[in-house]
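Architecture at a glance
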Amino acid sequence: MVLAIDIGNTRIKAAVFKESTLIDVLFFDQKELISKIDFILDKFEKITTMVIASVGNLKKTDFLKYSSKITVFYITNKDKFPFTNLYSTPETLGIDRMVLACGAVLQFPNQNRLVIDAGTCITYDFIDSNNNYLGGAISAGIKLRYEALHQYTAKLPLLSREYPENFIGNSTHDSIHSGVAQGVIHEIDGFIAQYKEQYAKFIIILTGGDAEFLAERLKNTIFANSNFLLESLNQTFQYNQK
Ligand SMILES: Nc1ncnc2c1ncn2[C@@H]1O[C@H](COP(=O)(O)OP(=O)(O)OP(=O)(O)O)[C@@H](O)[C@H]1O
Ligand SMILES: CC(C)(CO)[C@@H](O)C(=O)NCCC(=O)O
Ligand SMILES: [K+]
């Protein structure tokens, strides 16, 4: 069994896989890392491998203590990926984006793919049908937008994610919700429209902490899967084993 760990900028997500089947998912923060991993390893004694992708503060050395018991595969840009990386600064490309691209190529072969990860940041990644990774975009995620509006103004309250009833916000609260929630929807729909001008057909994969919230409100047909990064971690590991 494989324990996949996604270390994001806000939360840590972990999943247990029996071959390609996802058995359990856990979310926690950095200070709980060791206790949660110990708990999972106790509960699932058949875990032989830990696969980690970190865009957060944790490094390979933070997982050293496990390497005497199980295989620790800490994914870096130097590992094997099933696409040609055409990013002009491949060494600075986020490892989460590389893992997402890997999952997209392996799960959706021979087609153009757009991966949208709505997490702390919203990332867009495009991999064409010839398995060229082209790049994409990075913008601020939903929670970050709410926080920024509050933090960098004197009068705006800190609100949490809510979809406004009307796009014309007629109160401070509704104006903020319209600006953030509707704003992100328009951004995503707009990006998709722009990709459509260049590529007639592509599959759209939506993931991240805001995937479910966004999925039902987008115009386009998308494949929404909150666990896509965790599944892609497991696949990146399997791919590197071959
Ligand atoms: N319990 C939660 N805690 C934090 N964010 C949540 C929660 N539930 C939903 N979200 C939403 O998820 C988004 C953060 O996504 P996610 O948890 O995937 O980010 P992350 O851990 O920083 O990962 P990444 O760095 O890969 O984006 C926020 O914009 C927030 O609106
Ligand atoms: C954009 C984030 C923060 C998204 O998690 C991460 O992928 C990252 O730190 N990327 C590095 C910059 C880049 O991808 O070009
Ligand atoms: K993200």
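Residues numbered from 1 in each chain as written. Chains lettered and ligands numbered in written order. Predicted model: local features only at pLDDT ≥ 70, side-chain atom pairs only at ≥ 80, totals over all residues. Heavy atoms only, no water.

Look at the UniProt record and you will see "active site" (unreviewed entry) annotated at D96. With respect to the helices and strands, the residue D96 is situated in helix α2 (residues 95-107). Residues within four places of D96 in sequence aside, it is in contact with V55 and L229. (UniProt positions renumbered as here; feature names shortened; annotations may be inferred. Helix = DSSP H or I, 4+ residues; strand = E, 2+ residues; numbered from the N terminus. Contact = heavy atoms within 4.5 Å.)

To continue, consider the domain arrangement of the chain. When its domains are assigned, the chain resolves into domain 1 (2-74) and domain 2 (84-233). Distance from the C-alpha centre of domain 1 to the C-alpha centre of domain 2: 25 Å. Each partner contributes to the interface: domain 1 provides 17 residues, whereas domain 2 provides eleven residues. Together, the buried faces of domain 1 and domain 2 total about 1,000 Å²; carbon and sulfur atoms form 74% of this surface. It is D6, A53 and V55 in domain 1 that bury the most area against domain 2; as a group they hold 35% of the surface buried on that side. The interface formed by domain 1 and domain 2 holds zero salt bridges in total. (Domains from an automatic or database assignment. Buried area = accessible area lost by both parts, 1.4 Å probe. Salt bridge = Lys/Arg side-chain N within 4 Å of Asp/Glu carboxyl O.)

One way to put it is that helix α3 (residues 142-151) packs onto helix α4 (residues 172-198) with a least axis distance of 10 Å and a crossing angle of 145 degrees. In this structure, the crossing between α3 and α4 has a hand that is right-handed. Across the interface between the two elements, I142, R145, Y146 and L149 from α3 touch I176, H177, V180, A181, G183, V184 and E187 from α4. Residues that form the contact of α3 with α4 fall into these classes: seven nonpolar, two polar and two charged. (Axes fitted to C-alpha atoms, helices over the stretch in contact; angles between N-to-C directions. Left-handed = near helix turned anticlockwise from the far one by under 90°. Nonpolar A, V, L, I, M, F, W, Y, C, P; charged D, E, K, R; others polar.)

A few words now on the UniProt feature "binding site: ATP" (unreviewed entry) in the chain. The positions UniProt marks with the feature "binding site: ATP" (unreviewed entry) are D6, I7, G8, N9, T10, R11, I12, K13 and T120. These residues run over 115 residues, yet every pair of their C-alpha atoms falls within 13.2 Å of each other. Counting through the fold element by element, I7 comes out in strand β1 (residues 2-7). Looking at I7, the relative accessible area reads 1%, which means it is buried. Here I7 is in contact with I12, I52, A53, S54, V55, G56, L58 and F63, once residues within four sequence places are set aside. (Buried < 20%, exposed > 50% of the residue type's maximum accessible area, 1.4 Å probe, protein only.)

Right, let's get into the site of ligand 2. Taken together, N9, V55, Y87, T92, L93, G94, D96, R97, C121, T123 and I138 make up all the residues around ligand 2. In this structure, T92 approaches ligand 2 through a main-chain N or O atom, which is 3.5 Å from an oxygen atom. Within the side chain of R97, one N or O atom sits 2.9 Å away from an oxygen atom of ligand 2. Put simply, the parts of the chain that give the shell around ligand 2 at least two residues each are α2 and β8 (121-127). Partitioned by chemical class, the residues of the shell around ligand 2 number five nonpolar, four polar and two charged. (Near = heavy atom within 4 Å. Polar contact = N/O pair within 3.5 Å; in protein donor to acceptor, adjacent residues only side chain to side chain.)

This brings us to the environment of N77. Counting through the fold element by element, N77 comes out in the loop between β5 (71-74) and β6 (84-85). Sequence-distant contacts of N77, defined by excluding residues within four places in its chain, comprise P90, E91, L93, I95 and M98. A polar side-chain atom of N77 sits 3.1 Å from the main-chain carbonyl oxygen of L93.

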